[in-house]
Amino acid sequence: SFMQPHIRNAYMSTACDVIARFMRLSGREVVFLSGTDEHGEKVQKSAEGKGMDPQDFVDGVSVNFRDMLSLMNCSNDMFIRTTDGYHKKAVQHLWNKLIENDAIYLGAYEGWYSVRDECYYTESELVDGKAPTGAEVTWVVKEPSYFFKLSEYEEKLLKLYEDCPDFIAPSSRKNEVVSFVKGGLRDLSISRTSFKWGVPVPGDDDHVMYVWIDALCNYLSALGYPSDESGNCGKYWPASLHVVGKDILRFHAVYWPAFLMAAGLPVPKRLFAHGWWTKDGEKISKSLGNVIDPVELVERYGVDQTRFFLMAEVNFGSDGDFSDGSMIQKVNTNLANELGNLCQRTLSMVFKNCDKAVPKDIGDYTPEDEALFAKLRTLQDRAGTAIANQAIQDYVQVLVSTVWDANKYVDDMAPWALKKTDPERMKVVLYVLMETLRRVAIVYQPLIPTAAGNILDQLTVPENERTFDHLETSPILFGAPIKKPVGVFPRIEIQQEELVDA
C-alpha cells in the first residue's frame, strides 16, 4: 500500500541519505529532498474508500513517510508535499510556460489507463488484458484533455541519451528507456476532467493536471521555482541526481526531460533507478502477508544495523532478497565481530596499559605501520569513487576490507604479547590502531552515523574534526584521556522462534 512506508521506501531513503551525508563530509553543499506525491485519482479513490476528505487522508499518509525518514535517521534538508501551496503555484507557472512555448494543446483522450500505475498504455503494451505491471486497466471514454507534444521530443531525447551516456543508470535500465523512445512517442495526456483531486489547470477549472506533470515539478518547486530569491534554483538546478524506483523511471527519463526542454530549463545530470526487495526469495505483497515493516526491523536490530544491511547486501540498482538469517549474519560478522570487536580490544588495551589515555612519546613507525597508513590514505578516494557512481555496496566493501586489514595487523603485531616483550612497541601499535579506527569511523559516518559518532567519541576525536578534510590533518592527540570503552555493536542473539513472521 502506498499509505504505509515499507522496506522499499526505507531502502531508497537510506541510499539517498548515505550519498547526501558523504557529499556534505566531502565539503559539498547539498539539498537532499524527500516528500510525498499526494494528488491523483488513486488518492481520491483511496480517501473515498475510507470515507475521508482527500486532504485529511494525505495529511495522515505524509506523516507516516516523515516518521519513516526520522526512524531511519535520514538527514533530508527538505520534505515537500505536492499539496503545499507553493508547489501548486510552481506547477501552474510551469504549465503557463509550456503553453507560452506552444508545447500544450487541447484535444480529447480515450484509451487504456491504470489507476494504480498512474500510467496510460497502448493496446500493444497490454498483457492478457492487463498493464505490463500486472495492474488492472480501464478504458477511459473520450474525455477532453490537454496534451503535451511529447512526439516532438523523440530525436531530442535520443540525442540526450547519446550525448550524456551517464544520464541513466544502471545501463540495463538505460537500454529499456532508449528502446521505449525508439519505439515512437505519442503526445501525452496531461489533464483529466473525470476527477477533481489535483492542481487545477490555469484558466480552465474543469481540468486538473495529470499527476505526473504535477509530481515531477516538485524538484523545481522545492528550490523556489519560478523565483530565485533564495538563490537555490541557480545554485542547485540542474539536480546532480534523482534516485527513483525502476517502476517510475519512464516518467523521469522520458517525460521529465521533455517537459524541462520544452520550458527552456536544463535537465538533471543523472537518474539512478534502484531495484526491488523480495523476502526469503518471494515477492513482497500484502496478499502473501510478507510485507517488511521498517519499524520492526529497527526495533529488532537497531537503526545503524538496518541501514548497514540494506546498503551492504545488494548492489544498488539490482534487486535484493531480505532474510533475517542473512541480516543477523552480516551484522554480527561485519559490525559486531570485525569492527566492534576491533574497537573494544584496542580501546580496552589502551585504557588498561596506557594510564587511561592515548599513548604518548611513541617510537618510530615500522614498515608494517607505514603499509597500513598507505592503504588508509586511499580510503577517501576509493569510497568517493564508489559513491560518485551510486555503487553504495562498493563503498561499504571498501570499509569492510579496511577493517579486515586492521584486524590482520592486530593479529600480526599481537600487542597483548608486546605488553610483556616490548611495551614501547605496544604503544606504537595501539596508536596506529586508534588512528586506523579514527579514519574508518569518519568514512563510515554516512552509513552508520550514530555508531561512527560513538566510536569517534571514544577515540577522543573532537566533533569539529570529523569531516574528510580532517582525515590527514587532525590525528588523535597523544596523551588525551580516554573513558572506559563501551561496546558499540552488541552481537544479535535471536532465538529462531522469536523471529516475528512478517
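These lines cover the structure that appears in this document, whether it is placed above or below. (Residues numbered from 1 in each chain as written. Predicted model: local features only at pLDDT ≥ 70, side-chain atom pairs only at ≥ 80, totals over all residues. Heavy atoms only, no water.)

### A look at the sheet that holds strand S6 (residues 168-169)
The strands that make up a sheet pair up through hydrogen bonds in the backbone, lying either parallel or antiparallel. Rules: By the convention used here, strands pair only if DSSP detects at least 2 bridges between them. Think of it this way: any DSSP run of H or I at least four residues long counts as a helix, any run of E at least two long counts as a strand, and we number them from the N terminus. Any two residues whose heavy atoms approach within 4.5 Å are treated as being in contact. Lines fitted to C-alpha atoms define the axes, with helix axes restricted to the stretch in contact, and inter-axis angles between N-to-C directions lie between 0 and 180 degrees.
Strand order in the open sheet formed by three strands is S6-S12-S11, and the pairing between neighbours is parallel. Both edges of this open sheet fall to S6 and strand S11 (242-245), since each of them pairs with a single strand only. Bridge count for S6 against strand S12 (residues 271-274) is two bridges, and the pairing is parallel. Its bridge partner being in S12, Ile168 is matched across the sheet by Leu271. Against the sheet, helix H1 (residues 7-25) engages S11 and S12, with an angle of about 165° to S11.

### Considerations on the environment of Lys427
Relative to the helices and strands, Lys427 is located in helix H18 (residues 423-444). For the pair formed by Lys427 and Tyr409, sequence separation is 18 residues and the distance between their alpha carbons is 14 Å.

### Let's talk about the packing of helix H5 (residues 154-163) against helix H6 (residues 171-182)
The line we're drawing: Each angle gets one of four labels, with under 35 degrees taken as roughly parallel, over 145 as roughly antiparallel, 65 to 115 as roughly perpendicular, and the rest as oblique. By convention, the crossing between two helices is left-handed when the near helix turns anticlockwise from the far helix through less than a right angle, and right-handed when the turn is clockwise.
The geometry of H5 relative to H6 is characterised by a closest axis approach of 10 Å and an angle of 160° between their N-to-C directions. The orientation of H5 relative to H6 falls into the category roughly antiparallel. In this structure, the crossing between H5 and H6 has a hand that is left-handed. Between H5 and H6, the residues in contact are Glu154, Leu157, Leu158 and Tyr161 and Lys174, Val177, Val178, Val181 and Lys182, respectively.

### Thoughts on the nonpolar core
The line we're drawing: What we call a nonpolar core is a set of buried Ala, Val, Leu, Ile, Met, Phe, Trp, Tyr and Cys residues that are connected through their side-chain atoms within 4.5 Å. A simple rule labels every residue: compare its accessible area, found with a 1.4 Å probe on the protein chains alone, to the largest value its type can have, and call it buried under 20%, exposed over 50%, or partly exposed in between.
Within the largest apolar cluster, 105 residues are counted, with the highest numbers of intra-cluster contacts made by Leu339, Tyr395, Tyr444 and Ile448. Counting residues per element, this core draws most heavily on H18, at 14 residues. Residues contacting Leu339, with those up to four places away along its chain left out, are Asn334, Val403, Leu437, Val440, Tyr444, Ile448, Ile455 and Phe489. Judged by nonpolar contacts, the second largest core, of 68 residues, contains Tyr153, Val201, Leu223 and Leu271.

### A closer look at the pattern of salt bridges
Inclusion rule: By definition here, a salt bridge exists when the distance from a side-chain nitrogen of Lys or Arg to a carboxyl oxygen of Asp or Glu is within 4 Å.
Per the counting criterion, the structure on display carries 31 salt bridges. Notably, a salt bridge pairs Lys235 with Glu29, separated by 2.6 Å at the nearest N-O pair. Here Glu29 lies in the loop between H1 and strand S1 (33-36) and Lys235 lies in helix H9 (residues 232-236), a separation of 206 residues in the sequence. Across the pair Glu125 and Arg250 runs a salt bridge whose closest N-O atoms are separated by 3.3 Å. Within this pair, whereas Glu125 is found in the loop between strand S4 (119-121) and strand S5 (138-148), its partner Arg250 is found in helix H10 (residues 249-263), the two being separated by 125 residues in sequence. When salt bridges with common partners are traced through the structure, they connect Glu41, Lys45, Glu143 and Arg192 into a single cluster.

### Thoughts on the sheet that holds strand S3 (residues 104-114)
Spatially, S4-S3-S5-S7 is the arrangement adopted by the four strands of the open sheet, whose pairing is antiparallel. Of all the strands in the sheet, just S4 and strand S7 (188-189) have a single pairing partner and so form its edges. Pairing of S5 with S7, which is carried by two bridges, proceeds in the antiparallel orientation. The residue of S7 that forms the bridge with Phe148 is Leu188. Across the sheet, H10 lies against S4, S5 and S7, angled at about 30° from S5, the strand it touches most.

### Examining the packing of aromatic side chains
This is how it is decided: Between the rings of Phe, Tyr and Trp (Trp by its six-membered ring), a pair exists once the centres lie within 6.5 Å; its type follows the angle of the planes, with under 30 degrees stacked, over 60 edge-to-face, and the other angles tilted.
Summed over the entire model, instances satisfying the criterion amount to 20 aromatic pairs. For the ring pair Trp95 and Tyr146, a centre distance of 5.6 Å and an interplane angle of 80° mean the geometry is edge-to-face. In this pair, Trp95 is assigned in helix H4 (residues 85-100) and Tyr146 in strand S5, connecting sequence segments 51 residues apart. Just as Trp95 is buried, Tyr146 falls in that class too.

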